[in-house]
Amino acid sequence: MIIVTNLHKSFGEDHILKGISTTFEKGKTSLVIGQSGSGKTVFIKCLLGLFTPEEGTIDFDGKIYSELTSDEQRNLRQEIGMVFQGSALFDSMTVEGNVMFPLNMFTQQSESEKEDRVNFVLNRVNLIDANHKYPAELSGGMQKRVAIARAIVMNPKYLFCDEPNSGLDPKTAILIDNLIQEITQEYDIITVINSHDMNSVMEIGEKIVFLQKGHKAWEGTNKEIFKTDNEAVTSFVYSSELFKKVRQMYLEERS
Amino acid sequence: MTYLSAIGSYSIMVKEVFKKPTKWPIMKSLILKEIDELIFNSLGIIVFISLFIGGVVTIQTALNLDNPLIPVSLIGFATRQSVVLEFAPTFTSIIMAGKVGSYITSSIGTMRVTEQIDALEVMGVNSLNYLVFPKIIAMLLYPFAVAIAMYMGILGGWMAGVWGDFTSSGDFIEGLQLDFDPYHVTYSFIKTLVFAFVIATVPSYHGYFMKGGALDVGKASTTAFVWTSVVIIILNFILTQLLLG
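Description of the structure in this document. (Residues numbered from 1 in each chain as written. Chains lettered and ligands numbered in written order. Predicted model: local features only at pLDDT ≥ 70, side-chain atom pairs only at ≥ 80, totals over all residues.)

Thoughts on the sheet that holds strand 9 (residues 207-212) of chain A
Residue and element names in this part refer to chain A. A sheet is described by the order of its strands in space; here 6 strands give the open sequence 6-7-8-3-9-10, paired in mixed fashion. Both outer strands of the open sheet, strand 6 (80-83) and strand 10 (215-220), are each paired with one neighbouring strand and no more. Pairwise comparison of adjacent strand axes, ignoring direction, gives a mean angle of 15 degrees for this sheet. Relative to strand 9, strand 3 (residues 29-33) is paired through 4 bridges, and the arrangement is parallel. (Pairing = 2+ DSSP bridges. Helix = DSSP H or I, 4+ residues; strand = E, 2+ residues; numbered from the N terminus. Axes fitted to C-alpha atoms, helices over the stretch in contact; angles between N-to-C directions.)

Examining the interface of chain B and chain A
Each side of the interface is counted separately: chain B has 13 residues, and chain A has 16 residues. Take the side of chain B that touches chain A: its biggest share by element is 6 residues, from helix 5 (residues 116-123) of chain B. Grouping the amino acids of the side of chain B that touches chain A by side-chain chemistry returns 5 nonpolar, 3 polar and 5 charged. (Contact = placed C-beta atoms within 7 Å. Nonpolar A, V, L, I, M, F, W, Y, C, P; charged D, E, K, R; others polar.)

With respect to the nonpolar core
Core analysis: the biggest nonpolar cluster contains 122 residues, and A:Phe43, A:Met82, A:Val99, A:Ala149, A:Phe160 and B:Ile199 have the highest contact counts within it. Counting residues per element, this core draws most heavily on helix 4 (residues 74-113) of chain B, which supplies 13 residues. Here A:Val99 is in contact with A:Val118, A:Val121, A:Leu122, A:Val146, A:Ala149, A:Arg150 and A:Val153, once residues within four sequence places are set aside. (Core = buried A, V, L, I, M, F, W, Y, C linked by C-beta atoms within 7 Å. Buried ≥ 20, exposed ≤ 12 C-beta atoms within 10 Å, placed from the backbone.)

Notes on unusual backbone geometry
Residues and elements named next belong to chain A. Backbone geometry places serine 87, a non-glycine residue, at a positive phi of 75 degrees. For serine 87, the location among the structural elements is in the loop between strand 6 and helix 3 (95-106). One non-glycine residue, alanine 88, adopts positive backbone phi at about 55 degrees. Within the fold, alanine 88 resides in the loop between strand 6 and helix 3. Note on alanine 88: 23 C-beta atoms within 10 Å, which makes it buried.

This is how it looks when you write it as structure tokens:
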């Protein structure tokens, strides 16, 4: 379990995170949602150790990140998989090179073992016959799949995704969402997704944390979000007419 | 205050570069790639510039020697001293600050903008060691490039002097050998090694800590070139005082 307690982060005069506390559980897909500028990316980068919070703690299964030495922090990071918004694939490496990179860096496996593992995870993300292509030759959806394959190749305990379906068409976005949820359940890992995509919220949000201006304004599940009276959440989630109607139908059905 | 802060960040960066090294087989391939990119790919421009600079120094010296009491062999002597002491190590380093420095800043800066450096850090890789250390090691071969620059500069001087009818080949070679002090070459190589470290690390600093988007990568490259040149020129003065003064 990841336990976040009273997290504060500022950049100069800008107080971005204002005392966020929450938990993320094993085997569940958790979503952090909020408007642009609400502090989602800063929050996830604090969890990853890319930003150092001024106050508060992040507890990874009993290991408090800020209390670890820099070597221990690096070792903990080897248990983390991350899918960046822009995929962050290494341009100079092929798909195979990108996915094999963590294995090359941190394992003593033979070449054949590494190739088997790479082919296994690439198959798992439904990416076939792309091993020798470079990132520039791939579509946005394929790049996201490679990024997911690279994130899970080391069997991570924690998977973080920063807007994994931004820039993708709705069909591919749902495929990526479902893939992440399947992997979370299959490997029993803690997955935290940073998103402002409402389809993702409804589809895979087993836990949702809603951030507003650096505060945690609400948290619950994708079932509870239909029923909530929290004005900040409803005005954000049901901002489109379509979602307003969906919510109306759901509430009528329930009553 | 900003400059002090930048010097502090640069020093911390250099310290981090030598921490938690990357596995040797991976590092070896990175170093070989950087040697190819930073040294071998620069030899063409180094040869070209040195040849012509040597030629220009010879012609200018010859044109200024109108006193019949001064021996013609002084043309070779002046060419050798100018090329070995200053043009090969310092002038070539300024050129390298532009060519190699902008490559380093733009490649690392692009990795920063596209979150590839964040990806390395999240994986638990010491990104500074992975990205900057191979460049520092590759640049240890830079004195060889400068040795070639010295040779080509003197060759260029000989070609301009002899073919331009400013001096005879014998007089030029006599001047080259006149009052030769091997320590001048040592001084030149010491300077070159210091400049090599500057060329590898200052542009890396500007690329690694850059903020913004694609446009800012270009701005960072320009800033890196300016600061690398400034540092080289200041260090050139200090090292000359220390080693020859």
